[in-house]
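Chain residues, written in single-letter form:
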Amino acid sequence: MNPTLIIIIVFVLFVFLSSFFVVKQQTSAIVERFGKFHSVKPSGLQLKIPLVDKISGRLSLKIQQLDVIIETKTLDDVFVRLKVSVQYRVISQKVYDAFYKLDYPHEQITSYVFDVVRAEVPKMKLDDVFVKKDDIALAVKAELNDAMADYGFDIIKTLVTDIDPDAQVKEAMNRINAADREKTAAQFEGDAARILIVEKAKAEAESKRLQGQGIADQRREIARGLEESVEVLNKVGINSQEASALIVVTQHYDTLQAIGSETNSNLILLPNSPQAGSNMLNDMVASFAASNQIGEAMKEAKLNKKNNK
């Protein structure tokens, strides 16, 4: 075969194959003809004129993210570093503007973010920066949308993802927070201790009240029992004084018996002679008789005084 023919066939095949190219999904290709913009090719199999048309570049239509770190000062003179994440994409209808109007879109976006953040944060105190970080993000998004739309970029969202104050400021804030928590804990502990004291006092008061009520009931029942005992003794011919004395003597010996039955009881010295019971009874009878005489004399004196008037 003629070598010239072979060269021609290879050249034709090369030209034919180079006429076709593939654009990936979510990508646009910029085609120039003799160095001048010709067209924007979407994704898929595309055709160009060999040696005339040239693919100058490809732009991704996917959402991209740019993280910008800015250091600035707050209204209360605290230096703080903010991380602003900007999510953006190329507008499919403005691929030409995005490719030709900006050489370095990342630097352009970064400049606008710096400008907005350094204009907004110095108006706020440090605590407000944390609280109003969404407001800062919205201000950045509004500024970027107005500026970047003319260049073919759509700002999807801006986020303030990190706020990092100076190390000494963070340490001071942690100490303040710890002190507040300790103060709150101390208040709760004080309230708990006060409640325990109050409840304990209430319980002791209730215990004393019930104890007093029990003693009163006990004495009431003892008095009722003594009254019944005196009535029984009166029926057999023993008068009230003698009955009372007999009851006292009986309780005296019951007490001695109870003390003797306890192994751990303390030593108590009481009269224990055979005449002790009789003497006690006689003393009590004499005491009752004397008290009756005194009572009768007082009644007679009151009566005479009344008659004299």
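Explanation requested: the pattern of salt bridges in the structure shown.
Any two side chains of opposite charge can pair if their charged atoms end up close together. Tallied over the full model, the rule gives six salt bridges. K73 is the salt-bridge partner of D77, the closest N and O atoms lying 3.5 Å from each other. According to the relative accessible area criterion, D77 is exposed, its value standing at 55%. For K73, a relative accessible area of 36% puts it in the partly exposed group. The shortest N-O distance in the salt bridge between R209 and E206 comes to 2.6 Å. With R209 and E206 both in helix 6 (residues 167–235), this residue pair falls three residues apart, about one helical turn.

Would you explain the sheet that holds strand 6 (residues 64–73) in this entry?
Backbone-to-backbone hydrogen bonds pair the strands of a sheet. The strands run either parallel or antiparallel. Across the sheet, three strands lie side by side as 6-7-8; this open sheet has antiparallel pairing. Whereas interior strands pair on both sides, the edge strands pair on one side only; in this sheet they are strand 6 and strand 8 (153–165). Neighbour-to-neighbour, the strand axes of the sheet open up by a mean angle of 20 degrees, direction not taken into account. Pairing analysis gives 11 bridges linking strand 7 (residues 79–90) to strand 8, with the strands arranged antiparallel. From the neighbouring strand, R89 faces strand 8, where its bridge partner is D154. Across the face of the sheet, helix 5 (residues 133–148) comes into contact with strand 7 and strand 8 while running at roughly 145 degrees to strand 8.

I keep staring at the packing of aromatic side chains and nothing clicks. Help me out?
What describes a pair of aromatic rings is the distance from one ring centre to the other and the angle between the planes of the rings. Throughout the structure, instances matching the rule amount to five aromatic pairs. Where F37 meets Y96, the ring centres are 4.8 Å apart and the plane angle is 65 degrees; that geometry is what we call edge-to-face. In this pair, F37 is assigned in strand 3 (residues 36–41) and Y96 in helix 2 (residues 95–100), connecting sequence segments 59 residues apart. The interplanar angle of 40 degrees and the centroid separation of 4.8 Å between the aromatic rings of Y96 and Y100 together place this pair among those described as tilted. Here Y96 and its partner Y100 are both found in helix 2, four residues apart, which amounts to about one turn of the helix. Judged by relative accessible area, Y100 falls into the partly exposed class, the value being 29%.

Honestly, the sheet that holds strand 2 (residues 27–33) in this entry has me stumped. Any pointers?
If you walk across this open sheet you meet the three strands as 3-2-5, and the pairing is antiparallel. Edge strands, defined here as strands with exactly one partner in the open sheet, are strand 3 and strand 5 (53–60). Strand after strand, the sheet turns through a mean of 25 degrees between neighbouring axes, direction not considered. Pairing of strand 2 with strand 3 involves five bridges; the strand directions are antiparallel. Bridge assignment links R33 to a residue of strand 3, and that residue is K36.

Help me out: how do you make sense of a nonpolar patch on the surface in this one?
Residues L13, F16, L17, F20, V22, L45 and L47 make up a contiguous nonpolar surface patch of roughly 730 Å² in combined accessible area. Taken together, the elements giving at least two residues each to the nonpolar patch come down to helix 1 (3–18), strand 1 (20–23) and strand 4 (44–47). With three residues, helix 1 is the largest single contributor of residues to the nonpolar patch. Its place among the elements puts L47 in strand 4.

Please explain the confidence of the model for the protein as it appears in this structure.
The predicted coordinates of low-pLDDT regions are not to be read in fine detail. Mean pLDDT for the protein: 80, with 78% of residues reaching 70 or above. The secondary-structure element of the protein with the lowest mean pLDDT is helix 7 (residues 240–261), recorded at 66, while strand 7 shows the highest, at 91.

What's the story with the pairing of strand 7 in this structure? I'm lost.
Strand residues, when the strand is regular, have side chains that alternate between the two faces of the sheet. Relative to strand 7, strand 6 is paired through 10 bridges, and the arrangement is antiparallel. Looking at strand 7, one finds that L66 is bridged to V86. With antiparallel pairing between neighbouring strands as the criterion, strand 6 and strand 7 make up a hairpin whose turn holds five residues, including D77 at a positive phi of roughly 60 degrees.

How each quantity is defined
- Residues numbered from 1 in each chain as written.
- Predicted model: local features only at pLDDT ≥ 70, side-chain atom pairs only at ≥ 80, totals over all residues.
- Heavy atoms only, no water.
- Salt bridge = Lys/Arg side-chain N within 4 Å of Asp/Glu carboxyl O.
- Buried < 20%, exposed > 50% of the residue type's maximum accessible area, 1.4 Å probe, protein only.
- Helix = DSSP H or I, 4+ residues; strand = E, 2+ residues; numbered from the N terminus.
- Pairing = 2+ DSSP bridges.
- Axes fitted to C-alpha atoms, helices over the stretch in contact; angles between N-to-C directions.
- Contact = heavy atoms within 4.5 Å.
- Phe/Tyr/Trp six-rings, centres within 6.5 Å; stacked < 30°, edge-to-face > 60°.
- Patch = residues over 30% accessible without salt bridge, like charges linked within 9 Å, V, L, I, M, F, W, Y side chains within 5 Å.
- Areas by Shrake-Rupley, 256 points an atom, 1.4 Å probe, with all protein chains shown as cover.
- pLDDT = per-residue confidence, 0-100.

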